[in-house]
Amino acid sequence: GGSTLMNIALIYNSLAEYDKALEYFNKAAASAGSLNDKMFNANLWSNMASTYDYLEKTEASRSYYDKAGKLYEELGNKAGQASNLLNIAVVYLYTGQYEYAWDKLFDAERLYLVLGDKFNLSLLCYQLAYLFSNAEDALFREKGLSPSQRQQLVFNRIYKGLDYAKQAASLSRKGDGLM
């Protein structure tokens, strides 16, 4: 079924055989029963978006992230929403579209804080540090910040990310029975 085809696509993704991955993602999308399964489709579209991102097909990537995001929101899946927002923000960041990345990152941060997801908060902090390092001065002013605060914001996010990573590692060890 669709899940098996999506798993095959994910294996091809991990092997960096992206065209083959897309072939199997499309087969999964067309498989019987998949059309009405919103969670399956949200995950499928999110995975397809990542594959298009690897292929540097930015428009297709954003389009699939947008489709997945709408379904995650409709389903009330905050973890899916947050992950999707972070992923699309990264696409915007690395194509220099900082103004779009800004709101997506802060929306993802709000969701990860609600979820208490320290691991992904740590990853997000590093993306915010990248944003603060590279965004134009005009964007800082538009957001009510002084560009002179840039370095302070960068260091703040790096240290906050490190703290979240340490908390996530501690929680992981406790969950694994190592502490």
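Our subject is the structure listed above.
First, a word on scope: everything that follows refers to the structure included in this document. (Residues numbered from 1 in each chain as written. Predicted model: local features only at pLDDT ≥ 70, side-chain atom pairs only at ≥ 80, totals over all residues. Heavy atoms only, no water.)

## Regarding the overall build of the protein
How we decide: To qualify as a helix, a DSSP run of H or I must reach at least 4 residues; to qualify as a strand, a run of E must reach at least 2; elements of each kind are numbered from the N terminus. Three exposure classes are used, based on accessible area relative to the maximum for each residue type with a 1.4 Å probe and protein chains only: buried under 20%, partly exposed in between, and exposed over 50%. The contact rule is simple, with two residues in contact once any of their heavy atoms fall within 4.5 Å.
Regarding its fold elements, the protein presents 9 helices and 0 strands. For the protein, the α and β elements follow one another from N to C terminus as α-α-α-α-α-α-α-α-α. Across its three principal directions, the C-alpha atoms of the protein cover 55 × 45 × 30 Å. Taking all 179 residues of the protein together, 41% fall into the buried category. Across the protein, contacts joining residues at least 24 apart in sequence account for 53% of those joining residues at least 6 apart.

## Topic: the pattern of salt bridges
Here is the rule: Each salt bridge in this description consists of a side-chain nitrogen of Lys or Arg and a carboxyl oxygen of Asp or Glu lying within 4 Å of one another.
With the rule as written, the count across this model stands at 8 salt bridges. Among the salt bridges present, the one from R62 reaches E59, with a minimum N-O distance of 2.1 Å. Taken as a pair, R62 and E59 lie in helix α4 (residues 58-75) at a separation of 3 residues, close to a single helical turn. Judged by its relative accessible area of 9%, R62 is buried. The class for E59 is exposed, based on a relative accessible area of 56%. A salt bridge links D107 to R110; the nearest nitrogen and oxygen atoms lie 2.3 Å apart. Of this pair, D107 and R110 both sit in helix α6 (residues 98-115), 3 residues apart, which is roughly one turn of that helix. Here the salt bridges share partners, and the residues they tie into one network are K20, E23 and K27.

## Re the environment of L75
Within the element layout of this structure, L75 appears in helix α4. Taking the relative accessible area as the measure of exposure, L75 reaches 37% and is therefore partly exposed. Spatially, the C-alpha atom of L75 lies 32 Å from that of I158, the residues being 83 residues apart in sequence. Beyond its immediate stretch of four places on either side in the chain, L75 contacts K38 and M39.

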